[in-house]
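One-letter residues, chain by chain:
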Amino acid sequence: MTVLDFWRSHGAEAAALLWQHLYLVAASTGLAIALGIPIGVFAARRPRAGAPIVWLANVAQTIPSLAMFGFLLPLPLVGGLGARLAVTVLTLYALLPIARTTVAGLRSVDAALIEAGTALGMTARQLLWQVELPLALPSIVAGIRVATVIGVGTATIAAAVGAGGLGEYIFRGLAMVEPTVILAGAIPAALLALVLDGGLTLVERAVRAALSRGRAARVGRLGLVLALAAAGIAVVTAAVVRDDRQIVRVGSKNFTEQIILGELLAQLIETRSSLSVDRRLNLGGTFICDRAIRAGDIDLYVEYSGTAHSAIFHEPANTDPRVVLDTVRRRYAEIGLTLLDPLGFENTFAILVRGDEARRLELTTIGDAVPYASSWQAGFGYEFLERADGYPGLSRTYGLAFATPPRAMDVSLVYRALAEGQVDLVAGDATSGLIEAYDLTMLADDRRYFPPYDAAVVARSATLLAHPDLRDLLRRLAGRITVGEMRRMNHAVDAGRRDPARVVAEFLRTLA
């Protein structure tokens, strides 16, 4: 499938994501203009007092965008999943270029003009609005142009916190290891940046041309219009739009199976109830989803019993599925969440090697691989490297020691990296369709290190109480998804390059 074919088949969705992207950029840039120009004026007029503010904006600019999202996510006023967090982060990144160019523009105004205005009896305010700001406007517009382009690029990361935008396609393509889907988001984002950059460049040139013709008054009026527009955008953005009570927010983690399961919950609710669904799929890993449901940013998502037991609640290791499930259900209930009955399949961590290597060395268990690990390169997802039920415990249990420290990479990339010989052993998902597609071999956990990982829906108890029919609807999925069925759907998306929504729709038609 080409990018054009993808756009044709996803036209409405692509248009909606483009609109979301434009909103994020416009709202954050508008807020940055409303805040950055006054900060720049203050810093230019009072350099000693304004320097710390500009310094703080400079510090914010140096923080990696993903880290910034992580820092602000827990904060009550600006945190939480969705557009509010994204606009806050993008505004912080846009502040510095606008404030800096405002300072530079004001300082570049000829002192003789200031003296002449003062001699004519102009007040400091009149000088600012009628002389300084009009003459500094080309520099300010240049800063706005830089901030806008930065915003277009950074907004793609906002999809990781449920804010939508073209980054949805980029993250989805990474999860599927599908370049076409990545390009479907990257190309419009790049074109949008070029269009906005070109448009603002024309505005900057028009302002400079007007100033060269001595039309400072017209430039001043243009600046006033820009300031009012920015203030209007800021006011609209600052208004908190509360979610409709009839909307259920469905979340998911950032890999194929989770996207499929999130889409499954969403379509089930949409097609068999009167409720609407706000999809917040392809979020970060376990801890972002857990924090989101605790904070009320999502209403439900699918979690795995062993993951909740070990990684979320830090309970002692246990391999009894019933004990793990009961413990997790009790711990969730203590914080206002409900764990529903398992969906019917377990997705444990899969320790994988290449199929030809496994056959040549006669590897069938993790223990069989230990003698060869000292000459191998391992590759693990970021979560697996840190989790209590991940690599640290696995290494201790089996005495695994690799030639070099394991390479950290996105979990969606480990399968291809293994198949292409970039690494020799990885931790994937037992239900992944790429295991068969890439001829990989799953090694048995002969020392029973991994706990059970039964997939089940976690929902906010308040949401289930507000919509009594929702619980009964979700219960229809209990025990209905087998390991084989889940693996088939994963294979259709990962190897068959099919749209998760269509794969889910076909599966739902098989349910009574």
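Remember, predicted model here, so these are calculated numbers, not experimental data.

1. Focus on the overall build of the protein
Here's step 1: When its secondary structure is counted, the protein shows 24 helices and 10 strands.
Here's step 2: Along the three orthogonal principal directions, the C-alpha set of the protein runs to about 90 × 55 × 45 Å.
Here's step 3: For the protein, with 512 residues in total, the buried portion stands at 53%.
Here's step 4: Taking the contacts inside the protein whose residues are at least 6 apart along the sequence as the reference set, 76% of them involve residues at least 24 apart.
Here's step 5: Within the structure as shown, the protein displays about 22,800 Å² of accessible surface, and the carbon and sulfur contribution to it stands at 60%.

2. Considerations on the sheet that holds strand β9 (residues 440–443)
Here's step 1: Read from one edge to the other, the open sheet built from five strands follows the order β7-β6-β8-β5-β9, with strand pairing classed as mixed. Taken across any chain shown, the strands that pair with only one partner, and hence form the sheet edges, are β7 (407–408) and β9.
Here's step 2: Pairing between strand β5 (residues 349–354) and β9: four bridges, direction antiparallel. By the bridge assignment, V353 is partnered in β9 with T441.

3. Brief notes about a nonpolar patch on the surface
Here's step 1: The grouping of L183, I187, L191 and L194 at the surface amounts to a nonpolar patch, some 350 Å² of accessible area in total.
Here's step 2: Along the chain, L191 turns up in helix α9 (residues 179–212).
Here's step 3: Judged by relative accessible area, which is 49%, L191 ranks as partly exposed.

4. Describing the confidence of the model for the protein
Here's step 1: Looking at the protein as a whole, the pLDDT averages 86, with 91% of positions reaching at least 70.
Here's step 2: Under a pLDDT of 50 for its full length, residues 237–243 has, in the predicted model, six contacts with residues more than four places off or in other chains.

5. With respect to the pattern of salt bridges
Any two side chains of opposite charge can pair if their charged atoms end up close together.
Here's step 1: Under the criterion given, the structure shown has 23 salt bridges.
Here's step 2: Linking E132 and R45 is a salt bridge whose minimum nitrogen-to-oxygen distance equals 2.7 Å. With E132 in helix α7 (residues 124–154) and R45 in helix α2 (residues 11–45), the pair connects residues that are 87 residues apart, well separated along the chain.
Here's step 3: The partner of E315 in a salt bridge is R331, with the nearest N and O atoms 2.5 Å apart. Of this pair, E315 sits in the loop between α13 (305–312) and α14 (321–334) while R331 sits in helix α14, and the two are 16 residues apart along the sequence.
Here's step 4: What makes E315 partly exposed here is its relative accessible area of 21%.
Here's step 5: Judged by its relative accessible area of 22%, R331 falls in the partly exposed class.
Here's step 6: Beyond isolated ion pairs, a larger network of salt bridges with shared partners links E315, R330, R331 and E334.

6. A look at empty space enclosed by the protein
Here's step 1: In the structure shown here, the tally under the stated rule is one cavity of 30 Å³ or more.
Here's step 2: By volume, the largest cavity amounts to about 110 Å³.
Here's step 3: What lines the largest cavity is a set of 12 residues, among which T256, Y415, D429, S432 and D494 lie closest to the centre.
Here's step 4: Counting only elements with at least two residues in the lining of the largest cavity, the list comes to α11 (256–272) and α23 (483–494).
Here's step 5: A class-by-class count of the residues in the lining of the largest cavity yields five nonpolar, four polar and three charged.

7. Some words on the packing of aromatic side chains
Here's step 1: Scanning the entire structure with this criterion turns up 12 aromatic pairs.
Here's step 2: The interplanar angle of 80 degrees and the centroid separation of 5.0 Å between the aromatic rings of F313 and Y332 together place this pair among those described as edge-to-face. Here Y332 lies in helix α14 and F313 lies in the loop between α13 and α14, a separation of 19 residues in the sequence. In this pair, the class of F313 matches that of Y332, namely buried.
Here's step 3: Aromatic pair Y391 and F402: ring centres 6.3 Å apart, planes at 35 degrees, arrangement tilted.

8. Some points on unusual backbone geometry
Here's step 1: Of note, H314 is a non-glycine position whose phi angle comes to about 55 degrees, a positive value.
Here's step 2: Locating H314 in the fold gives a position in the loop between α13 and α14.

9. Details of the packing of helix α5 (residues 83–107) against α7
Here's step 1: Contact pair α5 / α7: the axes reach a minimum separation of 7 Å and the direction vectors enclose 150 degrees. Judged on the interaxial angle alone, α7 and α5 are roughly antiparallel. Here the hand of the crossing between α5 and α7 comes out right-handed.
Here's step 2: Counted by class, the contact of α5 with α7 contains 15 nonpolar, seven polar and one charged residues.

10. Considering the pairing of β5
Here's step 1: For β5, a buried count of six out of six residues is recorded, marking the element as mostly surrounded by other parts of the structure.
Here's step 2: Pairing between β5 and strand β8 (residues 425–429): four bridges, direction antiparallel. The residue of β8 that forms the bridge with F349 is D429.

11. A closer look at the layout of surface pockets
Here's step 1: Roughly 1,000 Å³ of volume is contained in the second largest pocket.
Here's step 2: Taken together, 38 residues form the lining of the second largest pocket, with N254, G284, G285, T286 and E383 sitting closest to its centre.
Here's step 3: When residues of the lining of the second largest pocket are traced back to their parent elements, those giving at least two are α4 (65–72), α8 (167–176), α12 (286–295), α17 (382–386) and β8.
Here's step 4: A breakdown of the residues in the lining of the second largest pocket according to their chemical character gives 19 nonpolar, 12 polar and seven charged.

12. A word on helix α3 (residues 47–62)
At 3.6 residues per turn, the α-helix brings residues three or four places apart onto the same side.
Here's step 1: The end-to-end C-alpha separation of α3 is 22 Å, in line with the 22 Å expected for 16 residues at 1.5 Å each.
Here's step 2: Residues of α3 that are buried: G50, V54, A57 and A60. Buried positions in α3, seen along its axis, are confined to an arc of 105 degrees and lie on one side of it. Turned more than 90 degrees away from the buried face of α3, the exposed residues are R48, W55, L56 and T62.
Here's step 3: Packing partners of the buried residues in α3 comprise α2, α4 and α5.

13. Remarks on α23
Here's step 1: Helix length check: α23, at 12 residues, gives a terminal C-alpha distance of 16 Å against a target of 16 Å (1.5 Å per residue), a fit within 8%.
Here's step 2: Residues of α23 that are buried include every one of M486, M489, N490, A492, V493 and D494, and no others.

14. Let's talk about the packing of α2 against α7
Two quantities define a packed helix pair, namely the angle between the axes and the distance from one axis to the other.
Here's step 1: Axis separation between α2 and α7 bottoms out at 9 Å; the angle between their running directions is 140 degrees. By the angle between their directions, the pair α2 and α7 is classed as oblique. Handedness of the α2/α7 crossing: right-handed. Two secondary-structure elements touch here, α2 through H21, V25, T29, I33, I37, V41 and R45 and α7 through A124, L128, E132, L133, I140, I144, T148, G151 and V152.

Scoring rules and cut-offs
Residues numbered from 1 in each chain as written. Predicted model: local features only at pLDDT ≥ 70, side-chain atom pairs only at ≥ 80, totals over all residues. Heavy atoms only, no water. Helix = DSSP H or I, 4+ residues; strand = E, 2+ residues; numbered from the N terminus. Buried < 20%, exposed > 50% of the residue type's maximum accessible area, 1.4 Å probe, protein only. Contact = heavy atoms within 4.5 Å. Areas by Shrake-Rupley, 256 points an atom, 1.4 Å probe, with all protein chains shown as cover. Pairing = 2+ DSSP bridges. Patch = residues over 30% accessible without salt bridge, like charges linked within 9 Å, V, L, I, M, F, W, Y side chains within 5 Å. Salt bridge = Lys/Arg side-chain N within 4 Å of Asp/Glu carboxyl O. pLDDT = per-residue confidence, 0-100. 1 Å grid on protein atoms, 1.4 Å probe; cavity = no way out; pocket = protein on both sides within 12 Å on 5 of 7 lines; lining within 4 Å. Points joined across faces, edges and corners; volume = space filled by probe spheres on them. Nonpolar A, V, L, I, M, F, W, Y, C, P; charged D, E, K, R; others polar. Phe/Tyr/Trp six-rings, centres within 6.5 Å; stacked < 30°, edge-to-face > 60°. Axes fitted to C-alpha atoms, helices over the stretch in contact; angles between N-to-C directions. Parallel < 35°, antiparallel > 145°, perpendicular 65-115°, else oblique. Left-handed = near helix turned anticlockwise from the far one by under 90°. Expected span 1.5 Å × (residues − 1). Arc of directions from axis to C-beta.

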